[in-house]
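Structural overview for review
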Amino acid sequence: MIKHIFIKEIRETFRDRRVISGAFVGPIFLMFLFVFAFGTIETTLKKPKAPVIHVVRSANEPAFLTELRSNHALRIQEVSSEEVGQKLLREGKAKLILKLSPTFDEDLAGRKAATIQALYDPGEVLSTIALRTFQEMVNLKNRSALDQTLRVAGIPVEAAQPIVLKTTELTRDEALGGSMLIGMLPYLIVIWAFYGGFSAVSDLVAGEKERTTLETLLITPVKRFHVAMGKFLALSLICLASSLSSLVTVLLIGASGTSLARSVFPNGMNLTPLAVVAILAVLVPLVAFFAGTMLAISAFAKNTREAQTHLTLLSFIVLVPAMASQFIGFTDWAKDRWVSFVPILNSSNAIRSALLGRVDPTDLAATVTTSLLLGAVGIFLAVRLFEREEVLARI
Amino acid sequence: MVLTEGIAKHFRDPKRGTVKAVDGVSFRAEPGQIFGLLGVNGAGKTTLLRLLSTVLRPTSGRASVAGYDVSTHGEDVRRSIGFMSTSTALYGRLTVREQLEYFAGLYGLKGAYARNRVEAAIEKLNIGPFADGLCDKFSTGQKQRVSIARTILHDPPVLFFDEPTTGLDVVTSQIVLGFIEAERRSGKTVVFCTHIMSEAERLCDRIAVIHDGVVRGEGNLAELLERTQKPTLEGAFLRLVGAEEAMA
């Protein structure tokens, strides 16, 4: 009987355009949008444009400035005065204003400190980048001068740099490692497990009360437990399918081999079967938790409007831990055991680990157990509400 | 047969305190008979039918439907009844056929027998031309015919009708009333709730006038007229519910 109700609910729900739009078009479209946005940012960062640097015009152009003009890492533009430069900087039309001392060439030739005044806006990222780029050039120039001085004095160049730091990047077989999406993807997978069902659940019980089809159902010989379970399983499937649609979209884009895919997944897509199993193991009890809770709310509400109000409040509770998962990678908490017991955050973190190809059986078991327990509470609540006449019969 | 003995349903309302929606109602409806529950809106008719169909549990008293106690044999009661009212709507995103197949399954009908029952109901109510259309797109009359088909799908011995002609045009109302008469002829026990006097006069073998959850009078039409010394059912009804003084 549960199967009979489940099939009807699925058939009816999938004919609802709101559900198709909310549970499938939404996550797929948003995932395309995210991938495109991240791909564009990634490409932009990898091919930085030479920053434009404004230099206050002087009567005699110093030789250093002429040298800078030939450097393709920078583009030099002149401003008539320091005030004009400041104005441009305030308006965001300039990133860095340089003013070379009037005696720049003489000071350099006389082995005195030749001063360059740099004016930048620390609140603007591009201004800071322009300053750093210019600073590197100054450092190179200083280094070259120092090497020259040391050579003339007969001192080995290495004497000025007694400690040498050599860095080597650790290569690991991470599934989606190196991708900017890795922080965002678990969050999206988790919230679509909730929002996918959001579009369907208010119609499943509160909507049936409103349209009075629930009474038609309650006068049949079916047990209310079976009605609740049929609806619960249908809702769980919608939640799971919605969540997986976002993941599958990303995987398909990643596997497409396009330049966009290469920029978003620089290390390729190496999602192992174990990682897929781990993600499913985390998602199934999570959707049971979401579906049970949402169904209980829908059963409690008098109509769809009331159901949606309660569900919107619940969505904030879901969003906070899901969003926290985006930033957990910046802390050591991601490896702490307690995270595995925090609902929603644990699932998101476990999915993130699986996407990175790291599956910790203990963390996974703790996450799955926590979600299963909460899922059981959600189902229990929903079934209890279905068996209370004052809840189902109040119209 | 439908039998009630002092059945009552009391609700707790935060504003009004205890509300006695049905208060000690007793009646007996026999097979091959249409038993009418006549009352104004809010008299307790629908609550009484919800008690008999086990959607609600009685606060006190007893009732049995087709020999099954409503408090202890809910599933058997529901298997034995067909319920049609304006509050038993259809699923708008299912076709007629899908709808009937779904309810056939809920009533435990299986395989070829279920398919035959569905086709028989479609033929009986003449809904074949739109059997594969989504119910959302139907007129009220078409929906009501589908509702009737759903009601008789499992061939129940007891039928409950709760103001089944509300919102229907004259032609469709006549189809519904004709159908109810046909079910009486086939030996079904019919409980018919209405506030329309002409329908009660035309259909009911016995009538219980219900007001404020209490039966104010019961009998066949002649008995009610004689008891109230009124020439019409309308007059008898107004006297029984104490509305004459208010209207004077």
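Residues numbered from 1 in each chain as written. Chains lettered and ligands numbered in written order. Predicted model: local features only at pLDDT ≥ 70, side-chain atom pairs only at ≥ 80, totals over all residues. Heavy atoms only, no water.

Regarding the packing of aromatic side chains
Test applied: Centre distance within 6.5 Å is the pairing criterion for rings of Phe, Tyr and Trp, where only the six-membered ring of Trp is used; planes under 30 degrees apart are then read as stacked, over 60 as edge-to-face, and the remainder as tilted. Strands are runs of DSSP state E lasting at least 2 residues, helices are runs of H or I lasting at least 4, and numbering of each runs from the N terminus. Think of it in three bands: with a 1.4 Å probe and only protein chains considered, a residue is buried below 20% of the maximum accessible area for its type, exposed above 50%, and partly exposed in between. As a reminder, the over-ring test applies to NZ of lysine and CZ of arginine, requiring each to be within 6 Å of the ring centre and within 35 degrees of the ring normal.
Counted by the stated rule, this structure contains 15 aromatic pairs over all chains. Their ring planes at 45° and their centres at 5.7 Å tell us that Y195 of chain A and F198 of chain A sit as a pair that is tilted. One end of the pair, Y195 of chain A, and the other, F198 of chain A, are both in helix α7 (residues 185-204), three residues apart, so they sit about a helical turn from each other. With relative accessibility at 22%, the residue Y195 of chain A sits in the partly exposed group. A centroid spacing of 5.9 Å and a plane angle of 75° characterise the contact between Y91 of chain B and Y102 of chain B, whose relative ring orientation is edge-to-face. Here the residue Y91 of chain B occupies a position in the loop between β6 (81-85) and α3 (96-106), and Y102 of chain B occupies one in helix α3, the gap between them amounting to eleven residues. Grouping residues by exposure puts Y91 of chain B and Y102 of chain B together as buried. Connected via pairs of aromatic rings, a cluster forms that spans W192, F194, Y195, F198, F289 and F290 of chain A. It is K8 of chain A that lies over the ring of Y91 of chain B; its NZ or CZ is 3.4 Å from the centre.

Let's talk about the domain arrangement of chain A
Let me state the cut-off plainly: In this document the domain limits rely on a domain assignment from an automatic tool or a database.
What the domain assignment lists for chain A is domain 1 (2-43 + 176-392) and domain 2 (50-160). Domain 1 of chain A and domain 2 of chain A are separated by 54 Å when their C-alpha centres are compared.

A closer look at the interface of chain B and chain A
It is common to give the size of an interface as the accessible area lost on bringing the parts into contact. Note the following rule: Whether two residues are in contact is decided by their heavy atoms: any pair within 4.5 Å suffices. Summed over both partners, the accessible surface that disappears when two parts come together, traced with a 1.4 Å probe, is what is meant by buried area. Only one rule defines a salt bridge in this text: a Lys or Arg side-chain nitrogen within 4 Å of an Asp or Glu carboxyl oxygen.
Taken residue by residue, the interface counts 31 residues in chain B and 28 residues in chain A. The junction of chain B with chain A conceals about 2,800 Å² of combined surface from both sides, 54% of it contributed by carbon and sulfur atoms. A per-residue breakdown of the area chain B buries against chain A is headed by Y91, R93 and L106 of chain B, which together make up 27% of the total. Linking K223 of chain A and E75 of chain B is a salt bridge whose minimum nitrogen-to-oxygen distance equals 2.9 Å.

Quick word on the pattern of salt bridges
All names here are of chain A. All told, the structure shown has 38 salt bridges over all chains when counted by the stated rule. A salt bridge links R143 to D147, with the nearest nitrogen and oxygen atoms 3.3 Å apart. Placement of both R143 and D147 in helix α6 (residues 125-153) is noted, with a separation of four residues, approximately one turn of the helix. Owing to a relative accessible area of 26%, R143 belongs among the partly exposed residues under this scheme.

Observations regarding the sheet that holds strand β1 (residues 2-13) of chain B
Residues and elements named next belong to chain B. As a reminder of what qualifies: Any two strands between which DSSP finds at least two bridges are classified as paired. Lines fitted to C-alpha atoms define the axes here, with helix axes fitted over just the stretch in contact, and angles between the N-to-C directions of these axes take values from 0 to 180 degrees.
In spatial order, the strands read β2-β1-β4-β5; together these four strands make up an open sheet with antiparallel pairing. Of all the strands in the sheet, the pair left with one neighbour each is β2 (17-29) and β5 (68-69). Alignment of strand β4 (residues 60-65) against β5, held across two bridges, turns out to be antiparallel. Residue pairing in the sheet places V65 in a bridge with Y68 of β5. Relative to the sheet, helix α1 (residues 45-52) contacts β1, β2 and β4, its axis offset from that of β1 by approximately 115°.

What to know about the pairing of strand β3 (residues 96-100) of chain A
Residues and elements named next belong to chain A. With four of its five residues buried, β3 lies for the most part within the structure. When β3 meets strand β4 (residues 116-120), the two strands line up antiparallel, connected through five bridges. Across the sheet, L100 pairs through a bridge with I116, a residue of β4.

A look at the sheet that holds strand β1 (residues 52-56) of chain A
Residue and element names in this part refer to chain A. Pairing within the open sheet is mixed, and its four strands lie in the order β2-β1-β3-β4. The strands lining the two open edges of the sheet, one partner per strand, are β2 (75-79) and β4. Looking at each pair of strands side by side, their axes are set apart by 30° on average, direction ignored. Sheet topology places β1 next to β3; two bridges connect them, and they run parallel. Paired with V55 across the strands is L98, a residue of β3. The strands that helix α4 (residues 82-90) touches are β1, β2, β3 and β4; relative to β3, the one it contacts most, it runs at about 165°. Strands in contact with α6 are β1, β3 and β4; relative to β4, the strand with the most contacts, it is inclined by about 160°.

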